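# Breakdown of the fold
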Amino acid sequence: MKKLTYTAACCAAAAVMLVGCAIPGIESGGSDNSMTDSYSYTPANEEEAKQGYSWIIEPSISADNIISFDGSQVDPDDEQNSAYANYSVIRQNGKYGLIDFKGNIVIQPEYDDYYTCWCGEVTLFNVIDEKNEKYEYCTVDSSKQIVDYVSDHTDNAPKYYWDAESKKIFVKNNNEEYGTEYTGKKTVVVGEAKIESAGNGYYDITPEENSLYGLAKKGKLLLDMVYFDYYAPSYKGAGLTCIALKDGEGKWGYVGSDGKTVVEFKCDGDMSTYNGSLIDDETKAHPFLFTGDYVPVSVNANYGYYDIEGNCIVRPGEFEQARPVHNGRAWVRQNGLWGVIKLGEIIEDEPTKYEDSSSKSETTTTKSSTSTSTSTTTTTSQSETAPSSQPVSNVTSIDTAGSSDNGSDSQPVSSDPIETDPPVTDPPVTDTNTPVVPTPPEPQPTEPEQ
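This structure is a prediction, so every number in the text was calculated from the model and none was measured.

## A closer look at the confidence of the model for the protein chain
The share of residues in the protein chain with pLDDT of 70 or more is 66%, and the mean pLDDT across the chain is 75. Counting contacts from residues 1-41, a segment whose pLDDT is below 50, to residues more than four positions away or on other chains yields 145 contacts. Confidence drops under a pLDDT of 50 for residues 354-450, and excluding neighbours within four residues, the segment shows 361 contacts in the predicted structure.

## Things to note about the sheet that holds strand E25 (residues 321-322)
Pairing is antiparallel in the open sheet, where 4 strands are placed in the order E2-E27-E26-E25. Each edge of the open sheet is held by one strand with a lone partner, namely strand E2 (54-61) and E25. Two elements, E2 and strand E27 (residues 337-342), share 4 bridges in a ladder whose sense is antiparallel. Looking at the pairing, Trp55 lines up with Ile341 of E27.

## Observations regarding the nonpolar core
In terms of nonpolar packing, the biggest core is built from 20 residues, with Val89, Leu98, Ile107 and Tyr114 touching the most fellow members. Those elements that place two or more of their residues in this core are helix H3 (83-86), strand E4 (87-92), strand E5 (95-100), strand E6 (104-111), strand E8 (122-129) and strand E9 (134-140). The residues touching Leu98, leaving out its near neighbours within four places in the chain, are Tyr87, Ser88, Val89, Ile90, Asn104, Ile105, Val106, Ile107, Val122, Leu124 and Val140. Residues Tyr254, Val263, Phe288 and Leu289 belong to the second largest nonpolar core, which totals 15 residues.

## Remarks on the packing of aromatic side chains
Geometrically, a pair of aromatic rings is defined through the distance of the ring centres and the angle of the planes. Scanning all chains against the criterion turns up 16 aromatic pairs. Pairing Tyr135 with Tyr137 gives two aromatic rings, centres 6.4 Å apart and planes at 45°, and the pair type is tilted. Each member of the pair, Tyr135 as well as Tyr137, is classed as buried. Within the aromatic cluster, the residues linked to one another by ring pairs are Tyr53, Trp55, Tyr305 and Phe319.

Scoring rules and cut-offs
Each chain has its residues counted from 1, following the order in which its sequence is written. With the structure being a predicted model, the display of local features is reserved for residues of pLDDT at least 70 and the display and counting of side-chain atom pairs for 80 or more, all residues being used for whole-chain, interface and lining totals. For the side-chain quantities, the full set of heavy atoms in the structure was used; hydrogens and water were omitted. The predictor's confidence in any single residue is recorded as pLDDT, a number from 0 to 100. Any two residues whose heavy atoms approach within 4.5 Å are treated as being in contact. Pairing between strands is defined by DSSP: at least two bridges between them are needed. Helix and strand definitions here come from DSSP, where helices need a minimum of 4 consecutive H or I residues and strands a minimum of 2 consecutive E residues; each element is numbered from the N-terminal end. In this description, a nonpolar core means a group of buried Ala, Val, Leu, Ile, Met, Phe, Trp, Tyr and Cys residues linked to one another through side-chain atoms lying within 4.5 Å. Here the term buried applies to any residue with accessible area under 20% of the maximum for its type, exposed to any over 50%, and partly exposed to those in between, with areas from a 1.4 Å probe on protein chains only. For Phe, Tyr and Trp, where Trp contributes only its six-membered ring, two rings pair if their centres lie within 6.5 Å, and the inter-plane angle classes them as stacked under 30 degrees, edge-to-face over 60, or tilted in between.

Shown next as structure tokens:
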């Protein structure tokens, strides 16, 4: 199994490389630079103009991209950090930082790349010495403090396979050599594979190179093996998030755990769904999954929202970009600038403080891919891995308690605004008809049916 190893230097070398995280600053305002892919929509009448959202932060923030995560790859039994739901990655001038839903820059965009993991942590890093696997890290830990070390990660996500001869489901975790028969109750996406007994209830599982995918439950196919790609929760039941499947026309649709279609096959993949190199493949575009009751969708590069019942809540075309909803809030882009909308209920959380930690550690991580398909799609990577030329400043603490988050119109607190060049957008990448390369999800003993 391939491994992606991030090792922080130790002793004197570590003191040079890990110099702490960037002090938070605040981003507000924006520029008049129009985006090349801006979308203009004029409602035909007053009824058509009604939308199921309101503005928390009007479009005012200039950024190349703001990337939020749907959390579908987080293991609920091992969730140690809610950073994936509390913060988004902001990209400015080709560098990455973190921003919260009140518009506060939590970590300045000074990092080469980012990744998320199964525990919910979101990590930013600079490449110091790629050959010797030396990196500089910055993340927000489970106590909401900014630290310059990260946790160890091992990929044990399950992948599922269908054996047409025995009509059984088999499962193999990414960190294991052999698979077993799957007798759990979850609805799972299954891929094609050659399966041979290895004795003692274990099996050699060799995935087919150009596998198609279907949906299975309790040893039965709910949907035939006719889909070219999929994006599914790695650990959760599909009843919470639905499952995204890609048809032969290159379009994505959403199905529930019963196999019934929730959102028709008309949606596009989007490179901004990329979870980072630890658990995703940056060369493949897939859509978001549901967070709570809503999912952002792209239809012909026009963005809107659907609910878990399949109702269109915000018409595709209302936004140029749209991101997953967390705690009733979501980042969207309109007229080239980013803002936050209210969609659903907001549960007010405690004021956040970001404080310094001087601890350092070594980290070994293992890479896996969740989205898969039958052929690779050539795309441009979102990240650059050039070493940072600027030393990172020490961290001080800030308090964002004064920020408004109640759904009324408000702007991010202003302090030392970040100047950016005209936004160079990670385009609302629309899946082409080229199928993508796949890899199925895996087992868990027995979970309650969802």
